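# An overview of the molecular structure
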2 protein chains.
Amino acid sequence: MQVNSELQQLNGNYLFTEIVRRTQAYQAQHPEAKVLRLGVGDVTRPLPLTIIDAMHRAVEEMAHAKTFRGYGPEAGYGWLKQCIIEHDYRPRGVELTPEEVFISDGAGSDLGNLSELFDRANSVAILDPAYPAYVDTSRMAGRKIQYLPCVAENGFVPELPKEQADIIYLCYPNNPTGAVLTREQLRLWVEYARSHHSIIIFDAAYESFIEEKDIPHTIYEIEGAKEVAIEVCSYSKSAGFTAVRCGWTVVPKQTGLQAMWMRRQCTKFNGTSYIAQRAAEATYTPAGKAGLQANLTHYKNTAKLLLKGLSTMGYEVYGGKNAPYIWCRVPKGYDSWSFFDHLLERCQVVCTPGVGFGPAGEGFVRFSAFSNREDVEEALKRMEHIK
Amino acid sequence: MQVNSELQQLNGNYLFTEIVRRTQAYQAQHPEAKVLRLGVGDVTRPLPLTIIDAMHRAVEEMAHAKTFRGYGPEAGYGWLKQCIIEHDYRPRGVELTPEEVFISDGAGSDLGNLSELFDRANSVAILDPAYPAYVDTSRMAGRKIQYLPCVAENGFVPELPKEQADIIYLCYPNNPTGAVLTREQLRLWVEYARSHHSIIIFDAAYESFIEEKDIPHTIYEIEGAKEVAIEVCSYSKSAGFTAVRCGWTVVPKQTGLQAMWMRRQCTKFNGTSYIAQRAAEATYTPAGKAGLQANLTHYKNTAKLLLKGLSTMGYEVYGGKNAPYIWCRVPKGYDSWSFFDHLLERCQVVCTPGVGFGPAGEGFVRFSAFSNREDVEEALKRMEHIK
């Protein structure tokens, strides 16, 4: 047996694992310290009652022979697909069929597994910096990667690829920079993909943080996108489902990939937890929507607080407006990891080193707004103290 | 962009999808018919109260800021790993570390994704007949497949591979034949793998149906297996979790693959639903164990009833003793699919065509014991009528 050498050659330290390791090491040496975690993009607000109730009902169904359920459809229940079609796409002028919507246990799995749809010889274009899984997944598949630098000079909006890009990963609102694309800017990418026979994998996990008007919520708002784009979405950030686990992926028939993805999922995935699907369904009720809006408003206010606080202290900051992330340039004399260590040791504040998202992220750290107000206020106070 | 041609070339009709299609077509034409489903291996008994309670508690935790949880560890919570180590392995003389146990959303995902650990040039040996995902997954990876016929003449225990097999998929108790391996028989496979530098992927999903003494419950009961075997298990059949979604995979350090699998999971999987993990934990409580035992006894009795009923009618039947499946030779003049259609049309009974599991399954159908007693009794009555 020969191992997959591409997988074997990957660096063992996954970014977030390394952050956890350093934080735990610090906490072990300073058991009394109150460490404030503004690093990993994980939600903290409890779920609205109507979603809790929906899960209780689903659990209760499993207790009685008449309502007990076994395997659901591999690609998800029709009632949840219908909610997504009617609430997430139709209001934006996008029509989808249930066969084009695939329910999953979250965007993480889909973003990784979609790679299987393509020949390994395909070239990949990835934003730099970017969510590490795009790069790691492409490396595991042995693909040639072209990095598209997103820097302050281009407003974190990269130029179109210089070399042929067969597969393009885009994430907007962006993790980690918090940048967004206008309709016109996204149109350029759809046009590139159409003229270069590329496929765009569009990660829309932070869509619910968009506040400004001209920012598309789905790539299918752009004409012609259905032929060249797969869109990956999740309830993790919009509804606080990082522990519940539910998301979805749209593979339009026009891509020619819908049947292949169905075949892949039917073979290697046995469906999403029924309880998670009922929870997702409840996010579309009026009470569910109101509850989630309240949580989103909280996170958006936290983002504004962070943005203002850091900016007032003189830090050069980006994002935080249509996204839950603030991208912050580190002070002179530091790089991403040394500033991470500095904040951890001097302020007991955990951020995310920008270089962990790619070489162009060097010299930045990411702050996450998925925290409670008190922690953010306390973190800002401590940081002011060391300025 | 070029598609993955191996995936594209796969036959579009996944076995169970085709069964559903034919059954729905029949039901649409005969809306009054009471169709009895003895086909797909899906559980039907409600979950024990103690597991329901554990899920309600986990759901309730998500409603309050103090107990709310976000992302869990990608490979699962330590408390669940500890339960598995202490209850599923230690009593059988097998010691594992938490790092070797990976919690997942079910065996289906792991059996598919484990394929990524290996170089695509590796050859594969697969039982014929077998659960279709082994073949489909290997074909998607472009691997050369060697089939190992399991027929009545060899007691459905195949001979060792004639050509080099780098990856070997074994499933015991077997789906679909219901065959089991004795300790001595399994030892031969471990020895083969050790001397041929092969890796065994051991699917133990039906372990809880073993009743006879000399049948190993885990491949690690065999000396030296830790160096050459990955074991995939699931709560789906033992605990009725096909809708809840939870399973686990053991990748011993001695295989040299543990760190690679961790890297794969951290990159392409964001962890198993917290609620599902708490449900799994509850299966190890005394009340949980008793409740599951009651369900297992029900299914085992159903298996015995089917075995006796079919045998009395003169069918040549196998399995059903340490497994929930009965493997039944079709009468002369039929093949697997024509007998499937015959039973559906004349008795409104759904079975699974044996040929769907591989060419050596032609001439057989599989009956599943995951049904309620009344349905099985009624199905047997109807079948007697057409003899």
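Structure: see above.
This write-up is about the structure you can find in this document. Values in this document were obtained by computation on a predicted structure and should not be read as measured data.

Rules used throughout
- Residues numbered from 1 in each chain as written.
- Chains lettered and ligands numbered in written order.
- Predicted model: local features only at pLDDT ≥ 70, side-chain atom pairs only at ≥ 80, totals over all residues.
- Heavy atoms only, no water.
- Helix = DSSP H or I, 4+ residues; strand = E, 2+ residues; numbered from the N terminus.
- Rg over C-alpha atoms; globule rule 2.2 N^0.38 Å.
- Buried < 20%, exposed > 50% of the residue type's maximum accessible area, 1.4 Å probe, protein only.
- Contact = heavy atoms within 4.5 Å.
- Least-squares fit on C-alpha atoms with pLDDT ≥ 70 in both.
- Buried area = accessible area lost by both parts, 1.4 Å probe.
- Salt bridge = Lys/Arg side-chain N within 4 Å of Asp/Glu carboxyl O.
- Polar contact = N/O pair within 3.5 Å; in protein donor to acceptor, adjacent residues only side chain to side chain.
- Pairing = 2+ DSSP bridges.
- Axes fitted to C-alpha atoms, helices over the stretch in contact; angles between N-to-C directions.

Attention now goes to the overall build of chain A. Along its length, chain A carries 13 helices and 13 strands. Scaling as 2.2 N^0.38, a compact globule of 387 residues should have a C-alpha radius of gyration of about 21 Å, and chain A matches this with 21 Å. Taken along the three principal axes of its C-alpha coordinates, chain A extends 60 × 55 × 55 Å. By the burial criterion, 64% of the 387 residues in chain A qualify as buried. Summarising the internal contacts of chain A: among those between residues at least 6 apart in sequence, 73% fall at separations of at least 24.

Let us now look at the relation of the copies chain B and chain A. Superposing chain B onto chain A requires a rotation of 180° together with a translation of 0.0 Å along the rotation axis, leaving an RMSD of 0.0 Å. Taken together, the turn and the small shift mark the pair as related by a two-fold rotation axis. Residue His56 of chain B of chain B places its C-alpha closer to the rotation axis than any other residue of that unit, at 3.0 Å. Of all interface residues in chain B, 100% are interface residues in chain A too; the two copies therefore contact each other through one and the same surface.

Taken together, the 70 residues of chain B in the interface contact 70 residues of chain A. For the pair chain B and chain A, the summed buried area comes to about 6,100 Å², and 60% of that belongs to carbon and sulfur atoms. In this structure, the connection of chain B to chain A is made through two salt bridges. One salt bridge connects Asp136 of chain A with Arg263 of chain B, and the closest N-O pair in it is separated by 3.1 Å. There are 29 residue pairs in polar contact (both at pLDDT 80 or more) connecting chain B and chain A. Elements with a minimum of two residues in the side of chain B that touches chain A: helix H1 (5–9), helix H3 (49–61), helix H5 (107–113), helix H6 (132–140), helix H9 (258–268) and helix H10 (274–282) of chain B. Per element, the largest residue contribution to the side of chain B that touches chain A is six residues, and it comes from H9 of chain B.

This brings us to the pairing of strand E2 (residues 101–104) of chain A. All names here are of chain A. Of the two faces of E2, the one lined by Val101 and Ile103 and the one lined by Phe102 and Ser104 are each fully buried. Relative to strand E8 (residues 247–250), E2 is paired through four bridges, and the arrangement is antiparallel. Bridging from a neighbouring strand, Val101 pairs with Val250 of E8.

Residues and elements named next belong to chain B. Strand order in the open sheet formed by seven strands is E2-E8-E7-E6-E5-E3-E4, with mixed pairing between adjacent strands. Pairing within the sheet leaves two strands with one partner each, and these edge strands are strand E2 (101–104) and strand E4 (145–149). Mean inter-strand twist for the sheet, computed between neighbouring axes without regard to direction, equals 20°. As defined by bridge partners, strand E3 (residues 124–128) adjoins strand E5 (residues 167–171) across three bridges and the pair is classed as parallel. In the strand pairing of E5, Ile126 is matched with Tyr169. Of the strands in this sheet, E3, E4, E5 and strand E6 (199–203) are in contact with H6, which crosses E4 at around 165°.

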